Amino acid sequence: MPEHETAEQRAPHDEVADFLRRRREQIAQRWADVPLFRTVFTVSRDEAVEAGKSVVEALAAVAAAGRAEDAEAAGFGVVREQLTRTAAARSRAGASSAQVSNEVDALRTPVVDLLVADLSAAPAEHVRECSTALTVLMGTLRLVVMESALSEGQALIDRQRLQLLEVATPVIKLWDGIVAVPLIGTLDSARSQVVMETLLEAVVEQHARFAILDITGVPTVDSLVAQHLMKTVAAARLMGAECVVSGIRPAIAQTIVHLGLDLGTVVTRASLADALAYALDQQGTGIVESTPHAAGQR
Amino acid sequence: MQTAGRVEASLPISSDMDLAWVRQHVRQTAAELGFGLVEQTKLVTAASELARNTLVHGGGGRLESVRLANGHVRGLRLTFADDGPGIPDVERALTDGYTSGDGLGMGLGGARRLVHEFSIDSGPDAGTRVTVISWTVRPPHPRGEV
Amino acid sequence: MSDPYPRAPSTHVPVLRLGDVLLVTLQGDLHDSTAEQLQQDIGEAIARSSVSGVVIDISGVEIVDSFLGRVLAEIAAKARLLAAQTVVAGMRPAVAITLVELGLTLPGMRTALDAQDALGMLTRQAASSRPAHARQESP
């Protein structure tokens, strides 16, 4: 910041703060007609003006504090609330990030024009400094809005991804003490984690001594997923349940061998029906009238 | 944009009782930050392993914990520091099965698998600093360590 | 569970005797010294009263680290030498997932969903092995 102002000329950031407070009403009126506000507050123009006024006020506070370049300045809190909601509404309506960014930038011209008009009597040097200060402030505003809009969008995506994972992992009780998860679609690391947790929770809830992981509907298994399957089996065993993996298709069996993975300690069966028969037999439930096998012996 | 909060707590690690304090503190902080139950359990277990290393091999030291924020994702950074004899061969100490005292030799290598980020700074007679970080949402590139 | 203060160090875990089975219930955060004491107590209890099994109910335990894992494994190994079976019962899912990630799968350790199941396993076993009294489990 240049520091050669004459005595009666005030620091640019104070001048800008004063200007924003003085012209709050007019600025908000002009903003109400730019696309960002116009397309969000479609019903009431007054509402747009009110929203605009609170943003101008917040900007004035930031300018007065001399923190125009600081996106973390306290005054931007209000801005985050107001404009982020507005920007998010624009995104939902299908506007791209670049478009929204341009729309926020469009708030700048009317304000700068008004400032220059207001300072028409001041020396050219002072006008230049003040409009630079205001431009910096508006640039930081754009950064703040884009940042919080993006993080809001990311939070939404994360929530939806988690919901999707839970929906895609149904645990079915097949028999007293036997639960199964039929997996369909690609397994990645995050989904494998959810599968493991959901299945083990079901073991506790259903008091299940047997848990069946059916991967008939899983197109491919990489080493990470195979590792997750083995971890699930090991964790179930620690809890006192036996986990059976069923539906390993020839192509997947080939991959497992190819990757050099040892599924030796994991009980596997060709189909879900075979896995159920195995569990029933181990449990000593019907079908075969053999003496009940002691759990843990294979 | 990642921001670190102030040092949340600094706990001494000089007795069996302190290990329980460490576990309690990490459990509570992780729960407040919104960690799921499984991630909480992993982090508390890792803290227990590392605090015991600090106590047994480092002759006692400190835990410093700092809350982190990366956008809307929250995190917890734990630093275990001691002025003990240090670890002569860090690479080897991280291999499973390695142990310099009792335990099943799972201490360091095991703790590393329970957290998202892991770093260690140690040398003969230079003490040991182990720093771990976990996030409420797993980062896209989880294991870029050492 | 959201107790802001660590519980007062309970230095002793009660070891109950039910028929010829010992039942030990672990709760909350176990201090290292308490765990070591327990290991000793169980060893003595088995030697004193020749039981056939030990059930360790850990459904109230929120974390098992490698230290406690080792204590459990050693209790089981010691019991085996004294011809008693050990069953660890009621491990929580989060604890099980963490142990596996840690690399501790406690091979050879018998497990059950809860203490009742564990007692059932041991009594069934005792009944079927009574005629051949000297039968021993391979490690």
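Residues numbered from 1 in each chain as written. Chains lettered and ligands numbered in written order. Predicted model: local features only at pLDDT ≥ 70, side-chain atom pairs only at ≥ 80, totals over all residues. Heavy atoms only, no water.

The name that an unreviewed UniProt entry assigns to chain C is Anti-anti-sigma factor, with the source organism given as Streptomyces fructofermentans.

With an unreviewed UniProt entry as reference, chain A is termed STAS domain-containing protein, source organism Streptomyces fructofermentans.

Colleague: Please explain the overall build of chain C as it appears in this structure.
Modeller: Counting its regular elements, chain C contains four helices and five strands. Each helix and strand of chain C, ordered N terminal to C terminal, gives the series β-β-α-β-α-β-α-β-α. Excluding contacts between residues fewer than 6 apart, the proportion of contacts in chain C whose partners are at least 24 apart in sequence is 73%. Counting only carbon and sulfur atoms, one obtains 54% of the accessible surface of chain C, whose full area is about 6,400 Å². (Helix = DSSP H or I, 4+ residues; strand = E, 2+ residues; numbered from the N terminus. Contact = heavy atoms within 4.5 Å. Areas by Shrake-Rupley, 256 points an atom, 1.4 Å probe, with all protein chains shown as cover.)

Colleague: Can you walk me through the overall build of chain A in this structure?
Modeller: Looking only at helices and strands, chain A has 12 helices and five strands in total. Across the 298 residues in chain A, those meeting the buried criterion constitute 43%. If you take every contact in chain A between residues at least 6 apart in sequence, the share linking residues at least 24 apart comes to 71%. (Buried < 20%, exposed > 50% of the residue type's maximum accessible area, 1.4 Å probe, protein only.)

Colleague: What is the right way to look at the interface of chain B and chain C in this model?
Modeller: Buried accessible area, meaning the area lost when the parts come together, often serves as the stated size of an interface. On the chain C side, the residues contacting the 26 residues of chain B number 25 residues. Of the roughly 2,400 Å² buried at the junction of chain B and chain C (both faces included), carbon and sulfur atoms supply 58%. Inspection of the chain B/chain C interface yields six salt bridges. Two residues, Asp32(C) and Arg52(B), come together in a salt bridge whose shortest N-O distance is 2.7 Å. There are 11 residue pairs in polar contact (both at pLDDT 80 or more) connecting chain B and chain C. Going through the elements one at a time, α1 (16–33), α2 (37–56) and α4 (107–114) of chain B are the ones with two or more residues in the side of chain B that touches chain C. Class assignment for the residues of the side of chain B that touches chain C results in 11 nonpolar, seven polar and eight charged. (Buried area = accessible area lost by both parts, 1.4 Å probe. Salt bridge = Lys/Arg side-chain N within 4 Å of Asp/Glu carboxyl O. Polar contact = N/O pair within 3.5 Å; in protein donor to acceptor, adjacent residues only side chain to side chain. Nonpolar A, V, L, I, M, F, W, Y, C, P; charged D, E, K, R; others polar.)

Colleague: Whenever I open this one, the nonpolar core confuses me. Can you help?
Modeller: The nonpolar side chains of soluble globular proteins are, as a tendency, buried together. Judged by nonpolar contacts, the single largest core of 101 residues is most densely connected at Val22(B), Val26(B), Leu78(B), Phe80(B), Leu108(B), Phe118(B) and Leu26(C). When residues in this core are grouped by element, the largest group, 10 residues, is from helix α10 (residues 223–239) of chain A. In contact with Phe80(B), other than residues within four places in its own chain, are Ile13(B), Val22(B), Ala47(B), Leu50(B), Ala51(B), Thr54(B), Arg62(B), Leu63(B), Thr128(B), Arg129(B) and Val130(B). With 49 residues, the next largest nonpolar core counts Trp31(A), Val112(A), Leu115(A) and Leu134(A) among its residues. (Core = buried A, V, L, I, M, F, W, Y, C linked by side-chain atoms within 4.5 Å.)

Colleague: I tried to follow the interface of chain A and chain B on my own but got confused; where do I start?
Modeller: Listed per partner, the contact involves eight residues of chain A and five residues of chain B. Of the roughly 540 Å² buried between chain A and chain B, counting both surfaces, carbon and sulfur atoms make up 56%. At the junction of chain A with chain B, the criterion picks out zero residue pairs in polar contact (both at pLDDT 80 or more). Considering each element in turn, the side of chain A that touches chain B owes the most residues, five residues, to helix α8 (residues 124–167) of chain A. By residue class, the composition of the side of chain A that touches chain B is one nonpolar, three polar and four charged.

Colleague: For this particular structure, what's the right way to read the sheet that holds strand β3 (residues 210–217) of chain A?
Modeller: Paired through their backbone hydrogen bonds, the strands of a sheet run either parallel or antiparallel. Residues and elements named next belong to chain A. Spatially, β1-β2-β3-β4-β5 is the arrangement adopted by the five strands of the open sheet, whose pairing is mixed. Strands at the two margins of the open sheet, each flanked by one partner only, are β1 (172–175) and β5 (267–269). Geometrically, the sheet is characterised by an average inter-axis angle of 30 degrees between neighbouring strands, direction not taken into account. Pairing of strand β4 (residues 242–246) with β5 involves three bridges; the strand directions are parallel. Considered in β5, the bridge of valine 244 is made with valine 267. (Pairing = 2+ DSSP bridges. Axes fitted to C-alpha atoms, helices over the stretch in contact; angles between N-to-C directions.)

Colleague: It is not clear to me how unusual backbone geometry should be interpreted in this structure. Could you clarify?
Modeller: Glycine aside, residues mostly have negative phi angles, and peptide bonds mostly take the trans form. The backbone of Asp125(B) shows a phi angle near 60 degrees, a positive value even though the residue is not glycine. Looking at the element boundaries, Asp125(B) is found in the loop between β4 (117–122) and β5 (128–135). Residue Asp125(B) is classed as exposed on the basis of its relative accessible area, which comes to 72%. You will see that Ala83(C), though not glycine, has its phi angle at about 65 degrees, which is positive. Within the element layout of this structure, Ala83(C) appears in the loop between α2 (66–81) and β4 (85–89).

Colleague: Honestly, the sheet that holds strand β5 (residues 110–112) of chain C in this entry has me stumped. Any pointers?
Modeller: Residues and elements named next belong to chain C. Read across the open sheet, the five strands follow the order β1-β2-β3-β4-β5; overall the sheet is mixed. The open sheet is flanked by β1 (15–18) and β5, the only strands paired with a single partner. Neighbour-to-neighbour, the strand axes of the sheet open up by a mean angle of 25 degrees, direction not taken into account. The pairing of strand β2 (residues 21–27) with strand β3 (residues 53–60) spans six bridges and is parallel. Its bridge partner being in β3, threonine 25 is matched across the sheet by aspartate 57. Across the face of the sheet, helix α1 (residues 32–49) comes into contact with β1, β2 and β3 while running at roughly 165 degrees to β2.

Colleague: Explain the pairing of strand β2 (residues 178–184) of chain A to me, please; I cannot follow it from the model alone.
Modeller: Put simply, side chains in a regular strand alternate between the two faces of the sheet. All names here are of chain A. In terms of burial, β2 is largely enclosed, as five of its seven residues are buried. In terms of strand pairing, β1 meets β2 through three bridges, oriented antiparallel. Paired with isoleucine 172 across the two strands is alanine 180, which belongs to β2. The turn linking β1 back onto β2 is made up of two residues, and glycine 177 within it adopts a positive phi angle of 80 degrees. Alignment of β2 against β3, held across six bridges, turns out to be parallel. Looking across to β3, one finds that isoleucine 184 is bridged to glycine 217. Taken together, β2, helix α9 (residues 189–205) and β3 form a β-α-β motif whose crossover is right-handed. (Right-handed = clockwise from strand over helix to strand, strands pointing away.)

Colleague: Explain the packing of aromatic side chains here, please?
Modeller: For any pair of aromatic rings, the description consists of the separation of the ring centres together with the inter-plane angle of the planes. Residue and element names in this part refer to chain A. Tallying each qualifying case throughout the model produces one aromatic pair over all chains. Their ring planes at 15 degrees and their centres at 6.3 Å tell us that tryptophan 31 and phenylalanine 37 sit as a pair that is stacked. The same class applies to tryptophan 31 as to phenylalanine 37, namely buried. (Phe/Tyr/Trp six-rings, centres within 6.5 Å; stacked < 30°, edge-to-face > 60°.)

Colleague: Can you walk me through the side chain of Arg52(B) in this structure?
Modeller: Within the secondary structure layout, Arg52(B) lies in helix α2. Reaching out from Arg52(B), the side chain makes a polar contact with the side chain of Asp65(C) at a distance of 3.0 Å. Among all residues touching Arg52(B), those that are not within four sequence positions of it are Leu19(B), Arg23(B), His57(B), Asp32(C), Asp65(C) and Phe67(C).

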